[in-house]
Structures are given as C-alpha cells and as structure tokens.
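Structure assessment
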Amino acid sequence: MELLTYDNHVFENVDYTGQVIRGVEFQDCTFRACNLADSSFLQCRFLDCTFDGCNLSLTKLSKSTLSNALFKNCKVLGVIFSDCQDMLFSPAFERCMLDYSSFMGKKMVKTIFKRTSLKEANFTRANLSGSVFSDTDLMGAVFNQTDLSAANLADAYNYSIDPELNKLKKAVFSTSGLYGLLEKYDIKIV
C-alpha cells in the first residue's frame, strides 16, 4: 500500500497476509481473490467496496469503516466486526463463511445474510431488525438481548433463539424452525 486513498481500484490475487495497513481509504474498490488473512486494517475506510472470493480470516478491522461493503464467496472466520466504527456500518454477505465472527453490539438494520454460514457467531446486543437470513446456518450462534424485530429467518436453520431474551416482534420464522425458539423448554414438537 503506497497511497492513502484508492478510488475505483481493483485488487486481484493480492496477498496481504499478516500485514498492517493504517489510515487508508478505499472508495468503490473491488478485492478479488485476495488473501487478507491475519492482517490488520486499522482506521481504514471501505466505502462501497466489494470483496469477492477473498480470505479475511482473523483480519483485524479496528476503528475501520465498512459502509455498503459487499462480501461474496469469502472466508471470514473469527473476524471481530464489533471493533469497526459504528457510524455507516453496513455490510452484506452472500455465500460467505463467517463462523466464529463477532457482531456484538453492532447496529445492522436490514443486513443481508444470503447462503452464509454463521456458526458460533456472536450477535449479543446487536440490532438486526429487518435483516434477512436466507439459507443461513446459525448453529451455535449467540443471540442475547438481540433485536430481531421484523427480521426474516424463514430460511435460516440450526438456530437457538430464546424469545424471552431477544426482541422478536414481527420476526418471520418457518414452522420447521419452531424447535429453535422452544428448545430451552425441553419439549417435543411432532
């Protein structure tokens, strides 16, 4: 990284493994098949950027901005999105592996998770109102004091959500997902 601002730039097959990048702004950039694993993007800004087929596992995003950032076909294991700036935080995920990532306390209204794995992800105190979990695996994901008002989980699976600890007003669930809402009661659904 030499510049402090990249506008409409395509990064392809670039390897940033273990690197530290600080204070760089990316506007309308595309990252294609890049390896960003175990790297640190500190106080960076990703505005209207697309990550396609990238490995961002264990990437640190401390005080970075993700505004209208699209992640497609990416491996994003163990990323602590909670460390991102709250202002303008608006990612979307399609066909991604986000296992063990943390969205704790994030405001993520109307976020799209499409064909995504969110195993063991942490959504404690997150605002996911109006979000869509389409064909998404939520096995072991933590929902505690999470706002899921008007969220659509009709196609989500493997979730366990306690209705007494989370806001679910007008949320959409399928009948096959009822067990995930009643699991704590140790009852049989036939």
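Higher on the page you've got the structure.
Residues numbered from 1 in each chain as written. Predicted model: local features only at pLDDT ≥ 70, side-chain atom pairs only at ≥ 80, totals over all residues. Heavy atoms only, no water.

Ordered by their spatial adjacency, four strands build an open sheet running β1-β4-β7-β9, and the pairing between neighbours is parallel. Unpaired on one side and paired on the other, β1 (5-7) and β9 (65-67) mark the two borders of the sheet. Put simply, the sheet's adjacent strands are angled 5° from each other on average, direction ignored. Two elements, β1 and strand β4 (residues 25-27), share three bridges in a ladder whose sense is parallel. Within the sheet, the bridge partner assigned to Y6 lies in β4 and is F26. (Pairing = 2+ DSSP bridges. Helix = DSSP H or I, 4+ residues; strand = E, 2+ residues; numbered from the N terminus. Axes fitted to C-alpha atoms, helices over the stretch in contact; angles between N-to-C directions.)

Take the sheet that holds strand β10 (residues 69-72) next. Reading across the sheet, the seven strands line up as β2-β5-β8-β10-β11-β12-β13 and stay open at both edges, with parallel pairing between neighbours. Whereas interior strands pair on both sides, the edge strands pair on one side only; in this sheet they are β2 (10-12) and β13 (132-134). Going from strand to strand, the sheet's axes swing by 10° on average, the running direction of each strand aside. Bridging between β10 and strand β11 (residues 91-94) involves four bridges; their strand directions are parallel. Of the residues in β11, the one forming a bridge with K72 is E94.

Before going further, it helps to spend a moment on the nonpolar core. By size, the foremost hydrophobic cluster in this structure holds 51 residues, and its most contacted members are F81 and F123. Dropping the residues within four chain positions of it, F123 is found in contact with F103, F113, L118, L128, F133, L138, A141, V142, F143, N144 and T146. (Core = buried A, V, L, I, M, F, W, Y, C linked by side-chain atoms within 4.5 Å. Buried < 20%, exposed > 50% of the residue type's maximum accessible area, 1.4 Å probe, protein only. Contact = heavy atoms within 4.5 Å.)

With respect to the helices and strands, the residue N73 is situated in the loop between β10 and β11. For N73, a relative accessible area of 34% gives the class partly exposed. Counting along the chain gives 115 residues from N73 to K188, while the straight-line C-alpha distance between them is 37 Å. Aside from chain neighbours lying at most four places away, what touches N73 is D52, G53, C54, E94, R95 and C96. A distance of 2.9 Å separates the side chain of N73 from the side chain of R95, its partner in a polar contact. (Polar contact = N/O pair within 3.5 Å; in protein donor to acceptor, adjacent residues only side chain to side chain.)

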